[in-house]
Amino acid sequence: MEITRLKLKNWRNFRQLDVPLRDTTYILGPNASGKSNLLDVFRFLRDVSKTNGGGLQAAVEARGGITKVRCLHARRDPEVLIDVEVSAGGQDAVGGRGHDASKQGGDSVGTYRHGIDAEAPAWRYVLGFKPEGKGAQRLLISREEVWRGGACLFRRPDQRDEADPVLLTQTRLEQIATNADFRPLVEFFGSLTYLHLVPQLLRYAEQIGGRRLEDDPFGQGFLERISSTPEKTRNSRLAKISEALSLAVPQFNELRFLRDDAGRPHLEARYKHYRPHAGWQSEVHFSDGTLRLLALLWSFLEGNSLLLLEEPEISLNDAVVKEIPLIIQRLQRNRKLKRQIVISTHSEALLSNPGIDGRGVILLETGADGSKGRSLLADESQALQAGLSVAEVVLPKARPEPKRLEQLALW
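A few points on the structure. (Residues numbered from 1 in each chain as written. Predicted model: local features only at pLDDT ≥ 70, side-chain atom pairs only at ≥ 80, totals over all residues. Heavy atoms only, no water.)

## Digging into the packing of helix α9 (residues 231-248) against helix α10 (residues 288-301)
Piece 1. Relative to each other, α9 and α10 sit at 135 degrees, their axes nearing to 10 Å. With respect to α10, the element α9 is oriented oblique. Considering how the two elements wind past one another, α9 and α10 form a crossing that is right-handed. Counting all contacts with α9, which are made through R234, R237, L238, K240, I241, A244, L245 and A248, the residues of α10 involved are L293, L294, L297, W298 and L301.
Piece 2. A class-by-class count of the residues in the contact of α9 with α10 yields 10 nonpolar, no polar and 3 charged. (Axes fitted to C-alpha atoms, helices over the stretch in contact; angles between N-to-C directions. Helix = DSSP H or I, 4+ residues; strand = E, 2+ residues; numbered from the N terminus. Parallel < 35°, antiparallel > 145°, perpendicular 65-115°, else oblique. Left-handed = near helix turned anticlockwise from the far one by under 90°. Contact = heavy atoms within 4.5 Å. Nonpolar A, V, L, I, M, F, W, Y, C, P; charged D, E, K, R; others polar.)

Have a look at this one:
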């Protein structure tokens, strides 16, 4: 399954947003334009979908409450709304390609349109919520809809909600008893992967201790994640990663998994050395770049769910970063089920790769009324077709104005 269109109202930086997504999407924009907040929409849907320890209330509270989630530019309309279209990704498409989604009816944020390449969405999920505005100031659902093909499975608030308003504190997405008819959508939202590995957290995980963030987004428990993978699958992935690291890391020769005497998992790498049995180093001694690249490659190989990558270029040599789009393309080619990947970046090296499809580029632009997002304009697409790269055509528009940067240098 793949998300083909995302529409937002009053979410974080975005007062309004309506953008298409592809199997690989690159999110570009200046600092504080909302790249991380855009990725967080998908993590939010994952958190809402959790039946154990999740749900709408917990997901909003984990982000600092409704005042932190709602766009500061939302003056009169307090509703936060998320509207996503999901294709079957060529698997069990409801209605098939070319199905007329215009018959679905109902209003939405912006105009309801087909997904990428005119494939009608197999699923559509709409979630709106806002404070009650009186009394206990509860956070209530103002709108929730699930569409399967051309049929609306339900639309809230409904008669049950009117009879018992407390029901509006929970989505049906998070309720096992009510989501049976759209369980594939729930499982899709709940299975996405986000890993923004911080090397120091991995190296000093034992010394730091304490409670890890749920889903371990920063890789403190990355070694346990590898350890919990079935041995045959783990060895196969590590063999592929070892081959890649030998091409990217000087003198790298071999990677292996093992446990110490206390049963704790570790990774060891052997480097070329004049002594044949010397040169083994544990993950504590890996460079930041090696750890980041290792985690990146593991994420590519792990599962078929939506994968979110936030600035994968950090700590990596530009020559390696430039190959990331090609690595993704090659891995996708070898998969029976393609994995959707959404990447936020402002790396010139990464975006200089000529293999990036301009149709998968989203540019965020800031303004006095919040951030907006758009696909490439006709002249930008033509420039890419003429042989220029995304780094040459689009990236300059995601940078601060040169005159303002000159003032920074004088500070």
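Following the structure, the description resumes.
## A short note on the side chain of E2
Piece 1. With respect to the secondary-structure elements, E2 resides in strand β1 (residues 2-11).
Piece 2. Excluding residues within four positions of it along the chain, E2 makes contact with D23, E85, V86, S87, F188, K338 and Q340.

## Let's talk about unusual backbone geometry
Piece 1. The omega angle of the peptide bond from R156 to P157 is 0 degrees, so this bond is cis rather than trans.
Piece 2. If you trace the backbone, P157 turns up in the loop between β7 (151-156) and α4 (159-163).
Piece 3. If you check the backbone angles, N10 has positive phi at about 60 degrees while not being a glycine.
Piece 4. Mapping N10 onto the fold places it in strand β1.
Piece 5. Since its relative accessible area comes to 3%, N10 is described here as buried.
Piece 6. In this structure, Q251 takes a positive phi of about 70 degrees despite not being glycine.
Piece 7. Tracing the chain through its elements places Q251 in the loop between α9 and β9 (252-259). (Buried < 20%, exposed > 50% of the residue type's maximum accessible area, 1.4 Å probe, protein only.)

## So, the sheet that holds strand β11 (residues 280-282)
Piece 1. Spatially, 3 strands are ordered β9-β10-β11 in an open sheet, and the strand pairing comes out antiparallel. Strands at the two margins of the open sheet, each flanked by one partner only, are β9 and β11. Looking at each pair of strands side by side, their axes are set apart by 25 degrees on average, direction ignored.
Piece 2. When strand β10 (residues 265-271) meets β11, the two strands line up antiparallel, connected through 3 bridges. Pairing of E268 across the sheet is with S282, part of β11.
Piece 3. Together, β9 and β10 form the strand contacts of α9, whose direction differs from that of β9 by roughly 150 degrees. (Pairing = 2+ DSSP bridges.)

## Considering α9
Piece 1. Here α9 is 18 residues long and its end C-alpha atoms lie 25 Å apart, about the 26 Å a rise of 1.5 Å per residue gives.
Piece 2. Among the residues of α9, R234, R237, L238, I241, S242 and L245 are the ones counted as buried. Across the axial projection of α9, the buried residues extend over an arc of 150 degrees, all falling on one side. Among the exposed residues of α9, those oriented more than 90 degrees off its buried face are K232, E243 and L247.
Piece 3. Structurally, α9 contributes buried residues whose contacts are with α8 (222-227), β9, β10 and α10. (Expected span 1.5 Å × (residues − 1). Arc of directions from axis to C-beta.)

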